Amino acid sequence: MFNSLRRLFGTSPPPPQAAAPAPAPSVDWKAKGNAALGRGDLAEAARWYRTGAAQAPASVVPHLNLGYCLLEMGQHAEAQASLMQARSLAPAGDAAAFEANHLLGRTRQEQGDDAGALAFHREAVQCDPRQALGWRELGRAQHATGDRRSAIESARRALALEPQLAEAINDL
């Protein structure tokens, strides 16, 4: 048979191809990152979430979780980059979009950028106006930028959603 193929094509047929190796199993970065986070090991959790971001770059979860860890570790520039990536991947109105904007607001607050924080907290409540936390943080940002009237209204909205958030009013 090979001789007839050689005559037909003038060359030897290519050797049979070895089967491609099976892809390496992906590391369960989310479970490992969440376990580390549960233990309070932010650095280890961040390492696992970085792995997840590399393995699933189009997934919002590893970017959001990494951003949270970095924010808690005080690495604001890296946190912001990761959270902006999460925000760009999250569907509008999704819980992840709320979380990304909320955490971006916290990042800006911690850096002393009250106006930037205000913008992100506004976007957070637009994503999910049912989140008392969003209204509380928006009220804090409004208060920090001198808009006392809006801050009181936001605090009232937070209390209407979650009456045990009495500190929402006390913060003002």
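Residues numbered from 1 in each chain as written. Predicted model: local features only at pLDDT ≥ 70, side-chain atom pairs only at ≥ 80, totals over all residues. Heavy atoms only, no water.

As for the overall build of the protein chain
A count of helices and strands for the protein chain gives 10 helices and 0 strands. Across the 172 residues in the protein chain, those meeting the buried criterion constitute 35%. At a minimum sequence separation of 6, the contacts of the protein chain that also span at least 24 residues come to 45%. (Helix = DSSP H or I, 4+ residues; strand = E, 2+ residues; numbered from the N terminus. Buried < 20%, exposed > 50% of the residue type's maximum accessible area, 1.4 Å probe, protein only. Contact = heavy atoms within 4.5 Å.)

Section: the pattern of salt bridges
Per the stated rule, a full pass over the model turns up 9 salt bridges. Arg130 is paired through a salt bridge with Asp128; the nearest N and O atoms lie 2.9 Å apart. When its relative accessible area of 7% is taken as the criterion, Asp128 is described as buried. Between Arg140 and Glu137 there is a salt bridge, with the nearest N and O atoms lying 2.9 Å from each other. Here Arg140 pairs with Glu137, and both are found in helix 8 (residues 132–144), just 3 residues apart, close to one helical turn. According to the relative accessible area criterion, Glu137 is buried, its value standing at 5%. (Salt bridge = Lys/Arg side-chain N within 4 Å of Asp/Glu carboxyl O.)

What about the packing of helix 3 (residues 42–55) against helix 4 (residues 60–72)?
For the pair helix 3 and helix 4, interaxial distance at closest approach is 8 Å and the crossing angle is 155 degrees. Considered as vectors, helix 3 and helix 4 are oriented roughly antiparallel to each other. For the element pair helix 3 and helix 4, the recorded crossing hand is left-handed. Every residue of helix 4 that contacts helix 3 at Leu42, Ala45, Ala46, Tyr49, Arg50, Gly52 and Ala53 is listed here: Pro62, His63, Asn65, Leu66, Cys69, Leu70 and Glu72. Of the residues assigned to the contact of helix 3 with helix 4, the class counts are 9 nonpolar, 3 polar and 2 charged. (Axes fitted to C-alpha atoms, helices over the stretch in contact; angles between N-to-C directions. Parallel < 35°, antiparallel > 145°, perpendicular 65-115°, else oblique. Left-handed = near helix turned anticlockwise from the far one by under 90°. Nonpolar A, V, L, I, M, F, W, Y, C, P; charged D, E, K, R; others polar.)

Focus on the nonpolar core
In this structure, Tyr49 and Leu64 are the most contacted members of the largest nonpolar core, which totals 24 residues. Looking at this core, the elements with two or more residues in it are helix 2 (29–38), helix 3, helix 4, helix 5 (76–89), helix 6 (95–110) and helix 7 (114–127). Beyond its immediate chain neighbours, meaning those up to four positions away, Tyr49 contacts Trp29, Lys30, Gly33, Asn34, Leu37, Pro62, Asn65, Leu66 and Cys69. Leu118, Val125, Ala141 and Ala158 belong to the second-largest nonpolar core, a separate cluster that totals 8 residues. (Core = buried A, V, L, I, M, F, W, Y, C linked by side-chain atoms within 4.5 Å.)

Here's the deal with helix 8
With 13 residues, helix 8 should cover 18 Å at 1.5 Å per step; its first-to-last C-alpha distance of 18 Å lies within 8% of that length. All buried positions along helix 8 are accounted for by Ala132, Gly134, Trp135, Arg136, Glu137, Leu138, Gly139, Ala141 and Gln142. Phi turns positive, to about 90 degrees, at Gly146, one or two residues after helix 8. (Expected span 1.5 Å × (residues − 1).)

Some remarks on helix 7
The end-to-end C-alpha distance of helix 7 is 20 Å, a good match for the 20 Å that 14 residues give at a rise of 1.5 Å each. Along helix 7, the residues that are buried comprise Gly116, Ala117, Leu118, Phe120, His121, Ala124, Val125 and Cys127. In this structure, the buried residues of helix 7 make contact with helix 5, helix 6 and helix 8.

Let's talk about the confidence of the model for the protein chain
Looking at the protein chain, pLDDT values average 86 and 81% of them are 70 or higher. pLDDT under 50 marks residues 1–25. Its contacts with residues more than four places away, or in other chains, come to 6 contacts. (pLDDT = per-residue confidence, 0-100.)

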